[in-house]
Amino acid sequence: MRGMLSQIRFQAIVVALVPIAVLAAMLAYTIATRNSTGVTAFWADHTQRVIEANDALMNALAEETRRVTLYRQASDARDEAAFVRAAQEVSRRAAALLAVADATPAEQRQAQVYVSTVDAENRFLTRFMAAQRRGDTAAMKALESAPSTQRLAPQLNIAKRDVDKSERILAVNALRTASDYLTHFSTIILVTLLGGVVLFLILAGGFGTHVWLRARHLRSNAQALRAGHDPDPLPGDDELAVAEREYRGVLERLQQEHNNVAVLQQALLPQTLPNVPGVRIDASYAPSTENADVGGDWYDVFTLADGRLGVGVGDVAGHGLQASSMMAQIRQSVRMAARLYDAPVDVLRAVNRALYEDGGPLATLFYGELSLNTGLLVYASAGHPLPITVQARGVVEQIPGGGLIMGAERSVEYRQYSLTLDAGSAIVLFTDGLVESGRRTEFDYDGGVQRLIEVVNRQYYSATENIAQAIQRDVLEGRPQLDDAAVLFIGVTDVGFARGNATKTWAIDARSASAARRAKRAFLWRLGEFAPDGTDLSAPELIFGELVGNVARHTPGLAEITLEVDDNVALLHVCDEGPPIVHAVARPEDLAEGGRGLLLVKSMARDLTIDRSANGNHVTVELPITLNRREAGPRAPARQLRQRTLPA
């Protein structure tokens with residue numbers, strides 16, 4: 001297959017040859033026109049000279065005839081001399097006609113016939129003049145009565161007409177020849193021009209269609225390659241095929257570089273979340289789908305002295321290897337400063353000063369310290385989006401705070417804030433890539449935060465293995481992700497949790513839907529602390545819901561719920577103040593309205609017992625779950641960061 005540049009050159013040559021051919025034809029046409037004009041002018045001039053010579057001859061002959069008539073009337077010698085001169089003039093005119101009427105043999109023959117007739121007339125007049133001069137009347141009558149003499153006048157007219165006709169034919173033929181000649185040249189020029197235009201249109205149309213089809217194929221392949229697919233390569237060896245191969249190579253190199261930076265960034269993020277009794281920790285990270293380079297988003301959770309938990313999330317300006325490496329430096333700087341200073345504001349000041357003095361890029365940072373004994377969270381922010389909290393009473397809101405971005409000034413005074421996280425409450429830390437998803441032309445930070453609050457409120461009460469990942473997936477679903485996004489979820493299951501304490505009790509009003517959801521969430525978090533990674537908690541969740549639902553339907557609503565962990569057994573106790581439960585063992589009738597919930601619980605649980613106390617019912621369920629061994633007391637599972645990137 002010829003290259004497109006070769007085809008373009010070929011078409012350019014064709015396009016250039018067509019005007020050259022047309023110009024050559026027009027030049028030939030001009031030369032032919034000039035020649036034809038010359039030939040036509042020659043024959044026009046020749047015809048004019050012949051006609052003038054013919055007219056002069058006829059005039060001379062008429063003059064001679066007139067002289068004969070005058071001589072007969074006057075018998076004047078002068079008339080005789082004039083006759084002689086007229087006869088000589090006729091001879092000269094006849095010779096002049098023969099001299100000019102010699103262009104063609106036919107013309108020469110016609111002129112010769114005409115001149116012969118004139119000579120015969122001239123001889124007749126001369127003899128007649130001589131007989132008259134002698135006074136020979138008989139000879140004059142004989143000459144006048146001769147048959148040949150009577151035919152001379154018609155013959156002269158015929159001969160003159162033939163000469164004139166011959167000249168007209170010669171002129172017309174010359175004009176016709178010139179016209180045919182020019183018509184042929186005009187036809188050749190027109191055919192050349194139209195042929196060149198048609199050829200150019202055919203070549204241009206075929207080439208344009210070919211280029212359009214291959215360009216569309218190239219665009220489709222480029223889109224597929226950007227999407228991570230491997231389309232069929234563009235066939236051929238033209239420039240578009242070469243460009244596609246080069247694009248594939250560049251994209252593969254960029255993808256390899258991106259993967260290397262992504263691997264480095266994943267390696268720089270925490271590989272495991274700490275085991276902290278009384279706290280549930282989930283994290284998720286999703287790289288940008290619109291930017292080829294990874295960013296500098298990060299999060300971190302680490303334990304400090306005096307029962308404190310350090311939590312941080314930040315974002316370094318820019319993308320690529322430099323942003324990732326700077327992210328790792330800032331993360332380690334936060335850890336070191338947190339062990340040197342007791343207040344988050346001091347940590348931010350130290351990190352900001354080091355970043356400014358090293359000439360690093362701008363960065364945002366939120367850092368807080370959570371007391372595991374009191375639930376008090378002390379925090380400070382350096383230009384970073386403020387986290388979302390979920391209070392135990394069900395209020396979901398963004399916490400207050402603010403501060404200057406790090407790296408802009410050397411000495412910055414940050415303000416410190418605090419709030420209390422009770423058991424059942426949580427805090428969601430995130431980077432701006434989460435709230436700016438879907439934004440292309442205008443900044444809508446407030447709208448993104450409001451959407452995130454709605455998602456947190458929805459996912460907080462949903463049983464999931466990784467709440468941070470569920471929040472991130474819900475926010476980003478169906479929206480282009482313009483920047484990297486990191487989410488860190490900290491849920492408080494108990495305040496002042498002791499390793500020896502394996503029992504937790506919640507007192508709720510089961511008729512309150514929000515209270516029931518909060519209790520279920522706390523129950524699942526607490527149970528997950530004793531369960532191995534990947535344990536399915538759907539069965540305990542269903543059992544909890546059925547028992548609390550029974551309390552809401554059949555009792556005044558007040559319930560005391562206790563989770564007890566003993567060895568590898570998890571027991572769920574639900575105490576209420578309602579009437580006795582009667583359908584615990586027997587299968588209810590088909591049309592009965594109650595009893596099926598407890599039957600479902602019994603079918604799923606390892607054991608179910610129902611005791612009647614003085615105040616109400618006491619239901620004990622051995623949950624269908626295998627726990628970690630308890631030699632050292634309960635512990636939170638070591639959650640590996642599963643699926644940090646969102647599935648396609």
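Residues numbered from 1 in each chain as written. Predicted model: local features only at pLDDT ≥ 70, side-chain atom pairs only at ≥ 80, totals over all residues. Heavy atoms only, no water.

K.L.:
Any chance you could break down the overall build of the protein for me, citing the residues and the numbers?
P.N.:
Summing up its helical and strand segments, the protein has 15 helices and 15 strands in all. Relative to its 648 residues, the protein shows a buried fraction of 44%. Split by element, the accessible area of the protein, about 32,200 Å² in all, is 55% carbon and sulfur. (Helix = DSSP H or I, 4+ residues; strand = E, 2+ residues; numbered from the N terminus. Buried < 20%, exposed > 50% of the residue type's maximum accessible area, 1.4 Å probe, protein only. Areas by Shrake-Rupley, 256 points an atom, 1.4 Å probe, with all protein chains shown as cover.)

K.L.:
So what's going on with helix α11 (residues 445–459)? Which residues, and what values?
P.N.:
Between its first and last C-alpha atoms α11 spans 21 Å; for 15 residues at 1.5 Å apiece the expected length is 21 Å, and the two agree. Those residues of α11 not exposed but buried are Gly448, Val449, Leu452, Ile453, Val455, Val456 and Gln459. For α11, the angular spread of the buried residues around the axis is 170°, confining them to a single face. Lining the buried residues of α11 we find β6 (388–390), β7 (396–398), β9 (426–430), α10 (432–435), α12 (467–476) and α13 (513–530). (Expected span 1.5 Å × (residues − 1). Arc of directions from axis to C-beta. Contact = heavy atoms within 4.5 Å.)

K.L.:
Before we move on, can you summarise the packing of α11 against α12 with the specific residues and values?
P.N.:
Direction vectors running N to C along α11 and α12 enclose 135°, while the axes themselves pass 9 Å from each other. By the criterion of interaxial angle, the relationship of α11 to α12 is oblique. The hand of the α11/α12 crossing is right-handed. Listed contacts from α12 to Arg451, Leu452, Val455, Val456, Arg458 and Gln459 of α11 are Ile467, Ala470, Ile471, Asp474 and Val475. Of the residues in the contact of α11 with α12, the class split is seven nonpolar, one polar and three charged. (Axes fitted to C-alpha atoms, helices over the stretch in contact; angles between N-to-C directions. Parallel < 35°, antiparallel > 145°, perpendicular 65-115°, else oblique. Left-handed = near helix turned anticlockwise from the far one by under 90°. Nonpolar A, V, L, I, M, F, W, Y, C, P; charged D, E, K, R; others polar.)

K.L.:
Tell me what's going on with the sheet that holds strand β13 (residues 569–576), and back it up with residues and numbers.
P.N.:
Pairing in this open sheet of five strands is antiparallel, and the strands run β11-β12-β13-β15-β14 from one edge to the other. Since the sheet does not close on itself, it has two edges, and those belong to β11 (503–509) and β14 (607–612), each with one partner. Between one strand axis and the next, the sheet turns by 15° as a mean value, whatever way the strands run. Two strands pair when backbone bridges link them, and β13 and strand β15 (residues 617–622) are joined in this way by five bridges, in the antiparallel orientation. Within the sheet, the bridge partner assigned to Leu572 lies in β15 and is Val621. Each of β11, β12 (558–566) and β13 touches α13; the most contacted strand, β11, lies at about 170° to it. (Pairing = 2+ DSSP bridges.)

K.L.:
Tell me about the packing of helix α8 (residues 321–340) against helix α9 (residues 344–357), and name the residues and values.
P.N.:
Contact geometry of α8 with α9 gives a least axis separation of 9 Å together with a crossing angle of 140°. In terms of axis orientation, α8 runs oblique to α9. For the pair α8 and α9, the crossing hand works out as right-handed. Contacts between α8 and α9 involve Met326, Ile330, Ser333, Val334, Ala337 and Ala338 from the first element and Val347, Ala350, Val351 and Leu355 from the second. Partitioning the contact of α8 with α9 into residue classes produces nine nonpolar, one polar and no charged.

K.L.:
Give me the lowdown on the sheet that holds β9, citing residues and values where you can.
P.N.:
In spatial order, the strands read β1-β10-β9-β6-β7; together these five strands make up an open sheet with antiparallel pairing. The two strands at the open ends of the sheet, each matched to only one other strand, are β1 (279–286) and β7. For this sheet, the mean angle separating the axes of adjacent strands, direction not counted, is 15°. Summarising the sheet, β1 and strand β10 (residues 485–492) pair through eight bridges and their orientation is antiparallel. Bridge pairing links Arg280 to Gly491 in β10. Sheet contacts for α11: β6, β7 and β9; angle to β7, the most-contacted strand, approximately 150°.

K.L.:
Run through the pattern of salt bridges, naming residues and quoting values.
P.N.:
If you walk through the whole model with that rule in mind, you get twelve salt bridges. Its salt-bridge partner being Glu413, residue Arg349 comes within 3.2 Å of it at the nearest N-O pair. Of this pair, Arg349 sits in helix α9 while Glu413 is found in the loop between β7 and β8 (417–420), placing the two residues 64 residues apart along the sequence. A relative accessible area of 21% means that Arg349 is categorised as partly exposed. Note on Glu413: relative accessible area 68%, which makes it exposed. In this structure, the salt-bridge partner of Arg458 is Asp474, at a minimum N-O distance of 2.9 Å. Here Arg458, found in helix α11, pairs with Asp474, found in helix α12; they are 16 residues apart in sequence, far enough to count as distant. What emerges from the salt-bridge pattern is a single network uniting Glu89, Arg92 and Arg93. (Salt bridge = Lys/Arg side-chain N within 4 Å of Asp/Glu carboxyl O.)

K.L.:
Mind laying out the packing of aromatic side chains, listing which residues take part and the relevant values?
P.N.:
Counting across every chain of the model gives six aromatic pairs. Here Phe489 and Trp525 contribute two aromatic rings whose centre-to-centre distance is 5.5 Å and whose plane-to-plane angle is 75°, an arrangement assigned as edge-to-face. With Phe489 in strand β10 and Trp525 in helix α13, this residue pair connects regions lying 36 residues apart in the sequence. Neither residue differs from the other here; Phe489 and Trp525 are each classed as buried. Feature note: the residues Phe366, Tyr379 and Tyr417 constitute an aromatic cluster, connected by ring pairs. (Phe/Tyr/Trp six-rings, centres within 6.5 Å; stacked < 30°, edge-to-face > 60°.)

K.L.:
Give me the lowdown on the confidence of the model for the protein, citing residues and values where you can.
P.N.:
Per-chain confidence: the protein averages 78 in pLDDT, with 82% of residues scoring 70 or above. When pLDDT is averaged over each helix and strand of the protein, the minimum, 50, is found for helix α5 (residues 147–150) and the maximum, 96, for strand β5 (residues 376–382). (pLDDT = per-residue confidence, 0-100.)

K.L.:
How would you summarise the side chain of Arg521 if you had to cite specific residues and measurements?
P.N.:
Mapped onto the elements, Arg521 comes out in helix α13. Among buried Asp, Glu, Lys and Arg side chains, Arg521 stands out as unpaired, with Glu541 the closest opposite charge at 6.5 Å. (Lys, Arg positive; Asp, Glu negative; His and termini not counted.)

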